[in-house]
Each structure stands twice: as structure tokens, then as C-alpha cells.
Amino acid sequence: FHGNLPAELGDLPRVRPKTGEVNLWVRPLRYLNLHHNRLSGEIPQNVTFKKMYYMDLSYNHLSGPLPSIWSDDQEHPMHFIRHLFLNHNQFNGSIPERYPSMGNGRMESFHVGDNQLTGKVPDNYNPVRFMESLELHRNNFTEPLGEKLCGLIVFLPPASELTNLKADCSVCDCDYFCEPGYCYDDGNQKEVAVVVEDENG
């Protein structure tokens, strides 16, 4: 696929068939997987996905700011989102302050690595922590990761669910994992990668 992402892709109306027609229901999108395409341009700021559970737009050519409306609790909240992959694009600007509150604080995966994001990574996570995979590396963030975000790591107090953390060393301020030896230089920018493997493989 190539071209822009249409706003109509968002909350498609729920359609009930007329009498005598095939019994088919069109429901709002819950899964959207468009990774590794040639999508370009900005995500429309008015596109909403109220029922979305899993969205993967990674490895495209999307640009512009991340839609702030996705984390607007009053207007168009994404209460059901659990997995959001926006990595390997050209998004710029900062991550909206309320993004950690998407999914009612039950986000499990959030990947925005390999973009052009700036500013600070929000760390106002809901006390009920479910985040398992957080990838922020290869961006242009200028402020260190907050203590709350570092505290999401599964084996650091207060233990949470985070088992995969990727962030540039220049902003990673988490104890132990941001020290020399845990960072590597890929020829462009150092980054820290913390991965916890399951004991059962």
C-alpha cells in the first residue's frame, strides 16, 4: 500500500443489514496491521479508533506529530488499545503528555523507535502497570527518562511488567542498565537494550 492514511479508516460506523440482505455486521476496527508498506504523510489529527486493540503502522514513511486526540479522555479515548507500533517512520515533535494513559493505563506494547521525536518521554503512567515492551531508541529526545518510567522494569522496585526497554543512552537515566557496558554503539547512536528472557525459553 502507498499514499496517505485516510481519516475514514478510523471509527467506521456499525452497520446493520436491511431485512432480506446477508446477515453481515460491520464493526469498528479492533486490529489494524499495515506494517512494511509505503504509507506516507501525516496521520489525520481527527482520526479516531475508539475500539482499537492492536495497531501496527511500523516500517512506513509516516511523518508529522503523533495524534494527540488518541489520548484525549474527554473526546475520543482509545480505552481498548493495548499494542501500538509506530516505529521506523518519520514522526516528529513530542510524545503527547497523556499517551501513557491510553488504554485506561493497560497498554502492553508501545514502540516509537527510529523516528525523529523530541522533548521528553512522558512517564505519568497509571499506578496499574501493564507495560511489557517499550521501545524509544533512535530518536532525538533531550530530557532523561523519568524515575517512574524506569520503575516499570520487572525486576527493579517497585516491580512491574516491563521486560523489554530500548532507549538511547543519552537520555536513559535508569540505574544499572544505563551504565557503560550495557550500551552499544551501532555506528550512529548508542542505545541501551534491556531484554528479559522467559525461563522456559
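The residue numbers shown here count from 1 along each chain, following its written sequence. For a predicted model such as this one, the threshold for reporting local features is a pLDDT of at least 70, and the threshold for listing and counting side-chain atom pairs is 80 or more; totals across whole chains, interfaces and linings nevertheless cover every residue. Excluding hydrogens and water, the side-chain figures rest on all heavy atoms present in the structure.

Caption draft 1: Just the overall build of the protein, in detail. Strands here mean DSSP runs of E at least two residues long; helices mean DSSP runs of H or I at least four residues long; both are numbered from the N terminus. Scanning the protein from terminus to terminus reveals one helix and 14 strands. A 1.4 Å probe rolled over the protein chains alone gives each residue an accessible area, and that area as a share of the maximum for its type sets the label: buried under 20%, exposed over 50%, partly exposed in between. In the protein, which comprises 201 residues, the share counted as buried stands at 42%. Residue contacts are defined here by distance: any two heavy atoms, one from each residue, within 4.5 Å place the two residues in contact. Within the protein, contacts between residues at least 6 apart in sequence are counted, and of these 59% link residues at least 24 apart. Note on areas: these come from Shrake-Rupley sampling with a 1.4 Å probe, and a residue is covered only by the protein chains present in the view. Carbon together with sulfur atoms contributes 48% to the accessible area of the protein, which is approximately 11000 Å² in total.

Caption draft 2: A look at the pattern of salt bridges. Every case where a carboxyl oxygen of Asp or Glu lies within 4 Å of a side-chain nitrogen of Lys or Arg is listed as a salt bridge. If you walk through the whole model with that rule in mind, you get two salt bridges. Between Asp114 and Arg138 there is a salt bridge, and its shortest N-O distance comes to 3.6 Å. Note that Asp114 is positioned in the loop between strand E8 (109-111) and strand E9 (116-119) and Arg138 in the loop between strand E10 (133-135) and strand E11 (140-141), a separation of 24 residues in sequence. With a closest N to O distance of 4.0 Å, Glu135 and Lys166 form a salt bridge. Of this pair, Glu135 sits in strand E10 while Lys166 sits in strand E12 (residues 164-168); the two residues are 31 residues apart in sequence, bridging distant segments of the chain. Looking at Glu135, the relative accessible area reads 12%, which means it is buried.

Caption draft 3: Structural detail: the nonpolar core. As used here, the term nonpolar core means buried Ala, Val, Leu, Ile, Met, Phe, Trp, Tyr and Cys residues forming a set that is joined through side-chain atoms within 4.5 Å. Ranked by internal contacts, the top residues of the largest apolar core, which has 42 residues, are Met55, Leu57, Trp70, Leu84, Phe110 and Leu145. Counting only elements with at least two residues in this core, the list comes to helix H1 (147-150) and E12.

Caption draft 4: Representation of unusual backbone geometry. Within the chain, Tyr59 stands out as a residue other than glycine whose phi angle is a positive 55°. Among the secondary structure elements, Tyr59 is positioned in the loop between strand E4 (54-56) and strand E5 (61-64). Of note in this structure, His88 is not a glycine but carries a positive phi near 60°. Counting through the fold element by element, His88 comes out in the loop between strand E6 (83-85) and strand E7 (90-93). Judged by its relative accessible area of 26%, His88 is partly exposed.

Caption draft 5: The arrangement of the environment of Lys51 in detail. You can see Lys51 is positioned in the loop between strand E3 (38-42) and E4. For the pair Lys51 and Tyr31, spaced 20 residues apart in the sequence, the C-alpha separation amounts to 9.0 Å.

Caption draft 6: Local environment of the side chain of Asn87. Summarising the element assignment, Asn87 is placed in the loop between E6 and E7. Since its relative accessible area comes to 8%, Asn87 is described here as buried. Separated by 3.2 Å, the side chains of Asn87 and His88 make a polar contact. Aside from chain neighbours lying at most four places away, what touches Asn87 is Ser58, Tyr59, His111, Val112, Gly113 and Asn115. Counting of polar contacts relies on pairs of N or O atoms within 3.5 Å, with two restrictions inside protein: one atom must be capable of donating a hydrogen and the other of accepting it, and residues adjacent in sequence are counted only when both atoms are side-chain atoms.

Caption draft 7: Molecular detail of the pairing of E3. Pairing of strand E1 (residues 2-3) with E3, which is carried by two bridges, proceeds in the parallel orientation. Counterpart to Gly3 in the pairing with E3 is Leu39. One bridge is not enough; two strands pair if DSSP finds at least two bridges between them. Of the strand pairs in this sheet, E3 and E5 are connected by three bridges, and their pairing is parallel. Pairing of Glu42 across the sheet is with Ser63, part of E5.

Caption draft 8: Just the sheet that holds E5, in detail. Read across the open sheet, the six strands follow the order E1-E3-E5-E7-E9-E11; overall the sheet is parallel. Each edge of the open sheet is held by one strand with a lone partner, namely E1 and E11. The pairing of E7 with E9 spans two bridges and is classified as parallel. Across the sheet, residue Asn92 finds its bridge partner in E9, namely Gln116.

Caption draft 9: Examining the packing of aromatic side chains more closely. What counts as a ring pair is set by centres within 6.5 Å for rings of Phe, Tyr and Trp (its six-membered ring), and what kind of pair is set by the plane angle: stacked under 30 degrees, edge-to-face over 60, tilted for all other angles. The final tally for this structure, using the stated rule, is five aromatic pairs. These aromatic residues form a ring-pair network of at least three members: Tyr31, Tyr53, Tyr54 and Phe85.

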